[in-house]
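The primary structure of each chain is shown beneath.
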Amino acid sequence: MQIGYVQFTNEPGARQLLSGNGTADYHPAAAVDRSGTRHIVFSRGGTIYHAQSAPGNSWRFDRVSAPSSHYYYPQIAIDDFTGLIHVVYWSDNKSIYYTQRPLRGGAWSNAIALGGGKDPNVTVQKGKVFVSWSDSRNAYRLATRTFKKDKWQSVV
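Bear in mind the structure is a predicted one, so any value in this text is a computation, not a measurement.

Cut-offs and rules
Every chain begins its residue count from 1, and numbering advances along the sequence as written. Restriction of local features to residues with pLDDT of at least 70 applies here, the model being predicted, together with a cutoff of 80 or more for giving and counting side-chain atom pairs; totals for whole chains, interfaces and linings are based on all residues. Only hydrogens and water are removed before side-chain values are computed, so all heavy atoms of the structure are retained for them. Here a helix means four or more residues in a row that DSSP labels H or I, a strand means two or more in a row labelled E, and each is numbered from the N terminus. Our radius of gyration looks at C-alpha atoms and nothing else; its globule reference is 2.2 Å times the residue count to the power 0.38. Here a residue-residue contact requires only that any non-hydrogen atoms of the pair lie within 4.5 Å. Residues scored as charged are limited to Lys and Arg (positive) and Asp and Glu (negative), so that His and the chain ends carry no count. All charge positions are set by atom: Lys at NZ, Arg at CZ, Asp at CG, Glu at CD. We call a set of buried Ala, Val, Leu, Ile, Met, Phe, Trp, Tyr and Cys residues a nonpolar core when their side-chain atoms join them within 4.5 Å. Relative accessibility decides the category of a residue: with a 1.4 Å probe and only protein chains considered, values under 20% of the type maximum give buried, values over 50% give exposed, and everything between is partly exposed. Pairing between strands is defined by DSSP: at least two bridges between the two strands are required. We count a salt bridge whenever a side-chain nitrogen from Lys or Arg sits within 4 Å of a carboxyl oxygen from Asp or Glu. Between the rings of Phe, Tyr and Trp (Trp by its six-membered ring), a pair exists once the centres lie within 6.5 Å; its type follows the angle of the planes, with under 30 degrees stacked, over 60 edge-to-face, and the other angles tilted.

Caption draft 1: The overall build of the protein chain, seen in detail. Each helix and strand in the protein chain was counted, giving 0 helices and 14 strands. Order of helices (α) and strands (β) in the protein chain, N terminus to C terminus: β-β-β-β-β-β-β-β-β-β-β-β-β-β. Its C-alpha radius of gyration of 16 Å places the protein chain within 12% of the 15 Å reference for a compact globule of 156 residues. Expressed as lengths along the three principal axes of its C-alpha atoms, the size of the protein chain is roughly 45 × 35 × 30 Å. Long-range contacts, defined as pairs at least 24 residues apart, comprise 29% of the intrachain contacts of the protein chain with a sequence gap of at least 6. Within the protein chain, the 10 negative side-chain charges are centred at a point lying 5 Å from the centre of the 18 positive side-chain charges.

Structural data, given as structure tokens:
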């Protein structure tokens with residue numbers, strides 16, 4: 001399995017593949033920042049990776065999660081206001097993890113567990129991060145958590 005993408009301008013472009021071994025690449029999610037740089041997060045053999053490419057440049061890869069075979073279904077959101085990339089993903093131990101890093105590069109922050117469940121989503125606007133997921137510890141009801149005023153609020 002290998003991650004592919006198609007770029008759309010006026011017409012769909014041809015399918016292209018991300019470089020890599022392609023033996024265990026799954027669950028891609030994509031975002032584009034204000035400069036037009038493309039970002040894709042995906043699970044490669046259970047470790048979360050981030051691929052980034054400015055228009056006309058080659059893809060650069062960096063590892064988001066610790067090497068493992070237990071992290072899946074990443075989601076990505078970009079906040080051009082703060083210049084941060086936000087990523088959430090889940091583990092087969094039923095925890096939702098969150099990490100971030102600057103758009104211009106640098107290290108990913110230490111991942112923190114937000115709560116139990118799976119199928120996370122993330123959105124962000126002007127520094128406010130909103131994460132939702134299905135809470136496996138509460139009959140798979142919707143759970144949410146918001147980051148504002150420099151701290152994570154309680155799980156709702």
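This is not the end of the story, as more comes after the structure.
Caption draft 2: Here's a closer look at the nonpolar core. By size, the foremost hydrophobic cluster in this structure holds 14 residues, and its most contacted members are Val64, Ile76, Ile85, Val87 and Tyr89. Only β3 (25-32), β7 (71-79) and β8 (84-91) provide two or more residues apiece to this core. If we skip the residues at most four places from it in the chain, Val87 touches Val41, Val64, Pro74, Gln75, Ile76, Tyr97, Tyr98, Thr99 and Trp108. Judged by nonpolar contacts, the second largest core, of 13 residues, contains Trp90, Val122, Val129 and Trp133.

Caption draft 3: Spatial organisation of the pairing of β3. By the bridge criterion, 6 bridges tie β3 to strand β4 (residues 38-44) in an arrangement that is antiparallel. In the strand pairing of β4, Ala30 is matched with Ile40. Linking β3 to β4, which pair antiparallel, is a turn of 5 residues; within it Gly36 sits at a positive phi near 90°.

Caption draft 4: Representation of the pattern of salt bridges. For the structure on display, the rule yields 2 salt bridges. Put simply, Arg44 and Asp25 hold a salt bridge, and the shortest N to O gap is 2.8 Å. Here Arg44, found in strand β4, pairs with Asp25, found in strand β3; they are 19 residues apart in sequence, far enough to count as distant. We classify Arg44 as buried; its relative accessible area is 17%. For Asp25, a relative accessible area of 3% translates into the label buried. Between Arg101 and Asp62 there is a salt bridge; the shortest N-O distance is 3.1 Å. Residue Arg101 is located in strand β9 (residues 95-102), and its partner Asp62 is located in strand β6 (residues 60-63); the two are separated by 39 residues in the primary sequence. You'll find Arg101 and Asp62 in the same group, each marked buried.

Caption draft 5: Highlighting the packing of aromatic side chains. As enumerated under the stated definition, the model contains 10 aromatic pairs in all. Ring geometry for Tyr71 and Tyr89: centres 5.2 Å apart, planes at 80°, overall edge-to-face. One end of the pair, Tyr71, is in strand β7; the other, Tyr89, is in strand β8, with 18 residues separating them in the sequence. For Tyr89, a relative accessible area of 2% corresponds to the buried category. For the pair Tyr98 and Trp152, a centre-to-centre distance of 4.9 Å together with 75° between the ring planes defines the contact as edge-to-face.

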